[in-house]
Amino acid sequence: MPIARRLTDLRHAHPADLTLQRLITSLNLMLDFCQRLPIFEYEAEGEGHDAAASAFRDLASAEREQVNLLLSCLQGHLAASPLTASSDEVSSR
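The structure displayed is predicted, hence computed values, not measured ones.

Secondary-structure assignment places Ser26 in helix H2 (residues 18–46). In sequence terms Ser26 and Leu70 are 44 residues apart; their C-alpha atoms lie 8.0 Å from each other. Side-chain polar atoms of Ser26 contact the backbone oxygen of Arg22, separated by 2.8 Å.

Set out below in structure tokens:
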């Protein structure tokens, strides 16, 4: 199951949790941006713009760290959510 589908499931399962909504939205936006950076780097390199290619490469590295931070926050938020705990109990039965 693709990650976007699972994030959508979380969003629908917790419609009133604005923090969760914002974490998921931010994560979706960052993942979309991160997947484009290697293409930007490749194209800049192909056009001979080595400084721009290096900047895109560095940005991709920094963005991966930010994605990991958001994922950690999302995991913590879900672990603390009473709705998630009760959903986990039901699904493990």
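This brings us to the packing of H2 against helix H3 (residues 50–80). How two helices sit against one another is set out by the angle between their axes and by the gap between those axes. One way to put it is that H2 packs onto H3 with a least axis distance of 9 Å and a crossing angle of 160°. The angle between H2 and H3 falls in the class roughly antiparallel. Crossing handedness for the pair H2 and H3: left-handed. Among the residues making up the contact of H2 with H3, the classes are represented as 22 nonpolar, four polar and five charged.

Grouped together as the largest cluster of nonpolar side chains are ten residues: Leu20, Leu23, Ile24, Leu27, Met30, Cys34, Val67, Leu70, Leu74 and Leu78. When contributions to this core are tallied by element, the ones reaching two or more residues are H2 and H3. Top element by residues in this core is H2. It accounts for six residues. Setting aside chain neighbours within four positions, we find Leu70 in contact with Leu23, Ser26, Leu27 and Met30.

Our focus in this paragraph is the pattern of salt bridges. As enumerated under the stated definition, the model contains three salt bridges in all. Between Glu41 and Arg57 there is a salt bridge whose closest N-O contact spans 2.4 Å. With Glu41 in helix H2 and Arg57 in helix H3, the pair connects residues that are 16 residues apart, well separated along the chain. Residue class for Glu41 comes out buried when judged on its relative accessible area of 17%. On the basis of relative accessibility, which here comes to 37%, the residue Arg57 falls in the partly exposed class. By sharing partners, the salt bridges in this structure join Glu41, Glu45 and Arg57 into a single network.

The subject of this paragraph is the side chain of Glu63. Structurally, Glu63 can be placed in helix H3. One buried charged side chain, Glu63, makes no salt bridge at all; its nearest oppositely charged neighbour is Arg64, positioned 9.9 Å away.

Okay, the confidence of the model for the chain next. With 72% of its residues at a pLDDT of at least 70, the chain reaches an overall mean of 83. Helix H4 (residues 82–91) is the least confidently modelled element of the chain, averaging 53 in pLDDT, while H3 averages 95, the highest of any element. Below a pLDDT of 50 lies the segment residues 88–93, which in the model reaches zero contacts outside its immediate sequence neighbourhood of four places, other chains included.

Conventions adopted
- Residues numbered from 1 in each chain as written.
- Predicted model: local features only at pLDDT ≥ 70, side-chain atom pairs only at ≥ 80, totals over all residues.
- Heavy atoms only, no water.
- Helix = DSSP H or I, 4+ residues; strand = E, 2+ residues; numbered from the N terminus.
- Polar contact = N/O pair within 3.5 Å; in protein donor to acceptor, adjacent residues only side chain to side chain.
- Axes fitted to C-alpha atoms, helices over the stretch in contact; angles between N-to-C directions.
- Parallel < 35°, antiparallel > 145°, perpendicular 65-115°, else oblique.
- Left-handed = near helix turned anticlockwise from the far one by under 90°.
- Nonpolar A, V, L, I, M, F, W, Y, C, P; charged D, E, K, R; others polar.
- Core = buried A, V, L, I, M, F, W, Y, C linked by side-chain atoms within 4.5 Å.
- Buried < 20%, exposed > 50% of the residue type's maximum accessible area, 1.4 Å probe, protein only.
- Contact = heavy atoms within 4.5 Å.
- Salt bridge = Lys/Arg side-chain N within 4 Å of Asp/Glu carboxyl O.
- Lys, Arg positive; Asp, Glu negative; His and termini not counted.
- pLDDT = per-residue confidence, 0-100.

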